[in-house]
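# Coordinates in review
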Amino acid sequence: MIIAIDGPAGAGKSSTARAVAKRLGFRHLDSGAFYRALTYAALRHGMQPDTWDGLDPARLDALRVEGQPSADGFRLLCAGMDVSGHLREAEVTANVSRMAGVAAVRDWLLDRLRAASRGVDLVADGRDIGTVVFPDAELKVFLVADPVERARRRLVEHGRTQPDAVDVRAERERLEARDRLDSERAIAPLRRAPDAVEIDTTGLTFEEQVDRIVRLARDRAEELSR
Ligand code: C5P
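This one's a predicted model, so the numbers in the text were calculated from it and none came from an experiment. (Residues numbered from 1 in each chain as written. Predicted model: local features only at pLDDT ≥ 70, side-chain atom pairs only at ≥ 80, totals over all residues. Heavy atoms only, no water.)

### What to know about the overall build of the protein
- Counting its secondary structure elements, the protein contains nine helices and eight strands.
- For the protein, whose C-alpha radius of gyration is 17 Å, the value lies close to the compact-globule estimate of 17 Å for 226 residues.
- By its C-alpha atoms, the protein is 50 × 45 × 35 Å across when sized along the principal axes.
- Buried residues in the protein amount to 49% of all 226 residues.
- Taking as baseline every contact in the protein between residues at least 6 positions apart, the subset at least 24 positions apart corresponds to 74%.
- As displayed, the protein has an accessible area near 11400 Å², and 49% of this comes from carbon and sulfur atoms.
- In the protein, the 36 positive side-chain charges and the 38 negative ones have mean positions that sit 1 Å from each other. (Helix = DSSP H or I, 4+ residues; strand = E, 2+ residues; numbered from the N terminus. Rg over C-alpha atoms; globule rule 2.2 N^0.38 Å. Buried < 20%, exposed > 50% of the residue type's maximum accessible area, 1.4 Å probe, protein only. Contact = heavy atoms within 4.5 Å. Areas by Shrake-Rupley, 256 points an atom, 1.4 Å probe, with all protein chains shown as cover. Lys, Arg positive; Asp, Glu negative; His and termini not counted. Charge placed at Lys NZ, Arg CZ, Asp CG, Glu CD.)

### Examining the nonpolar core
- Within the largest apolar cluster, 39 residues are counted, with the highest numbers of intra-cluster contacts made by L29, L38, V65, L76, V105 and F134.
- Counting residues per element, the ones that place at least two in this core are β1 (2–6), α2 (31–44), β4 (74–78), α4 (90–100), α5 (103–116), β6 (122–126) and α6 (129–133).
- A per-element tally of this core places α2 first, with nine residues.
- For V105, the residues in contact, after removing those within four places along its chain, are Y35, L38, L55, L60 and M99.
- In this structure, F26, V210, I213 and V214 belong to the second largest nonpolar core, which totals 18 residues. (Core = buried A, V, L, I, M, F, W, Y, C linked by side-chain atoms within 4.5 Å.)

### Quick word on α4
- Those residues of α4 that sit buried are V92, N95, V96, S97, M99 and A100.
- For α4, the secondary structure elements touched by its buried residues are α2, α5 and α8 (165–184).

### Topic: the packing of aromatic side chains
- Here the structure, examined in full by the defined rule, presents one aromatic pair.
- Between F34 and F74, the aromatic rings sit 6.4 Å apart at their centres with planes inclined by 65 degrees, giving edge-to-face as the arrangement. One end of the pair, F34, is in helix α2; the other, F74, is in strand β4, and 40 residues separate them in sequence.
- A residue is classified by how much of its surface remains accessible, and F34, at 6% relative accessible area, is buried.
- Seen from the ring of W108, R112 lies directly overhead, with NZ or CZ sitting 3.7 Å from the centre. (Phe/Tyr/Trp six-rings, centres within 6.5 Å; stacked < 30°, edge-to-face > 60°. Lys NZ or Arg CZ within 6 Å of the ring centre and 35° of its normal.)

### What to know about the sheet that holds strand β2 (residues 27–30)
- Taken together, five strands build an open sheet; the order of strands is β2-β6-β1-β7-β8 and the sheet is parallel. The sheet terminates laterally at β2 and β8 (197–200), the two strands that pair on one side only. Each neighbouring strand pair of the sheet contributes to a mean axis angle of 20 degrees, computed without reference to strand direction.
- With four bridges joining them, strand β7 (residues 139–144) and β8 adopt parallel strand pairing. Across the sheet, residue V141 finds its bridge partner in β8, namely V197. (Pairing = 2+ DSSP bridges. Axes fitted to C-alpha atoms, helices over the stretch in contact; angles between N-to-C directions.)

### Comments concerning the site of the ligand
- Around the ligand sit 15 residues, and of these R36, R106, D128, R178 and D182 come closest.
- Between R36 and the ligand, the recorded distance is 2.7 Å, taken from a side-chain N or O atom to an oxygen atom.
- Contributing elements (two or more residues each) for the shell around the ligand: α2, α4 and α8.
- Examining the composition of the shell around the ligand, we find that four residues originate from one element, α2, more than from any other. (Near = heavy atom within 4 Å. Polar contact = N/O pair within 3.5 Å; in protein donor to acceptor, adjacent residues only side chain to side chain.)

Right, dumping it as structure tokens:
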């Protein structure tokens, strides 16, 4: 079974997907982490973002980015080194949408993301999981939340206990700028699949949003077994 969770930046997709996968005993695939690992690797190789449009499969192979299956998800490796700790750095976040807009990058990753799903039950999260990567996913969820709430949560996640209004506004602008790039690009833009269940998490606790998806997944599994 594949559960696809898509939505804008900061809607809580990855943490929710991880918790849902844990509750159901599925593997978690954070597709954004793969785009981030490629971005990190390209920056580390000194490749300027304005040259990334010229990336081809051979250059992408040379970055040696791979997702190694772990107990519950995938560890992102770059030339054999675990780069998980670098993926949320500001420079990576600021440039990742540029990497994700390159057609050759999306093609290259598509094969790898699909290969990761073979033979396992999966909860995958990203922007185009339900529309492009796994259009036949048994359950599709589109997570949304109010932009101020998304910005506040993101800051809390980064260790700020009580972010002030100025910081929340700046973070909101960064999230919305990334959403614009992700929604307006020509290939595989951020879109809600027509058959996705939309969940607005603004007024929900984390446990409530996880519970809802787990319940939907169990209902769907029951429906399929009939
Ligand atoms: O989910 P996360 O914020 O880690 O994703 C980082 C970036 O990777 C997104 O802003 C988007 O540009 C790209 N992405 C994508 N398609 C996906 C997952 C992520 O384009 N399925």
